[in-house]
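Working through the structure, step by step
Spelled out, the chains give:
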Amino acid sequence: ARRLASRLVVAELRETVAAVRVAARTLTSAELAELRAEGPSGPAVLAASLKALTRARADGGGPTALTAALLDLAAAAITWRERI
């Protein structure tokens, strides 16, 4: 009876550790298709938005250009964060 109880405890611990551990997994083709359908995101999009903001500041495009660039940067950051 003790061995059975010990085995059950070990099995439960293994299940708990497996559930808690964050392991990388491969996305399914359906998940990849869903991500691609929503448009681009990630560090490259964020970097491009940041460069556009830098250009808007350097060109002195005024508050309208800066606001548009900031909105694009914020949208890129939020989109990337939501997909993480």
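Structure first, text after, so check above.
Residues numbered from 1 in each chain as written. Predicted model: local features only at pLDDT ≥ 70, side-chain atom pairs only at ≥ 80, totals over all residues. Heavy atoms only, no water.

1. Looking at the overall build of the chain
We count it as follows: To qualify as a helix, a DSSP run of H or I must reach at least 4 residues; to qualify as a strand, a run of E must reach at least 2; elements of each kind are numbered from the N terminus. Exposure classes here rest on a 1.4 Å probe applied to the protein chains alone. A residue is buried below 20% of its type maximum, exposed above 50%, and partly exposed in between. Contacts were defined at the residue level, with two residues in contact if any of their heavy atoms lie within 4.5 Å. Exposure was quantified through the Shrake-Rupley algorithm and a 1.4 Å probe, taking into account, for residues, occlusion by the shown protein chains and nothing else.
Each helix and strand in the chain was counted, giving 4 helices and 0 strands. Moving toward the C terminus, one meets the helices and strands of the chain in the order α-α-α-α. For the chain, with 84 residues in total, the buried portion stands at 8%. Counted over contacts in the chain with a minimum sequence separation of 6, partners at least 24 positions apart contribute 57%. Roughly 7100 Å² of accessible area belongs to the chain as shown, and the carbon and sulfur atoms make up 62% of that amount.

2. Section: the side chain of Ser49
Assignment of secondary structure puts Ser49 in helix α3 (residues 43-59). Given the relative accessible area of 12%, Ser49 is considered buried. In this structure Ser49 touches Asp72, Leu73 and Ala76, once residues within four positions along its chain are discounted.

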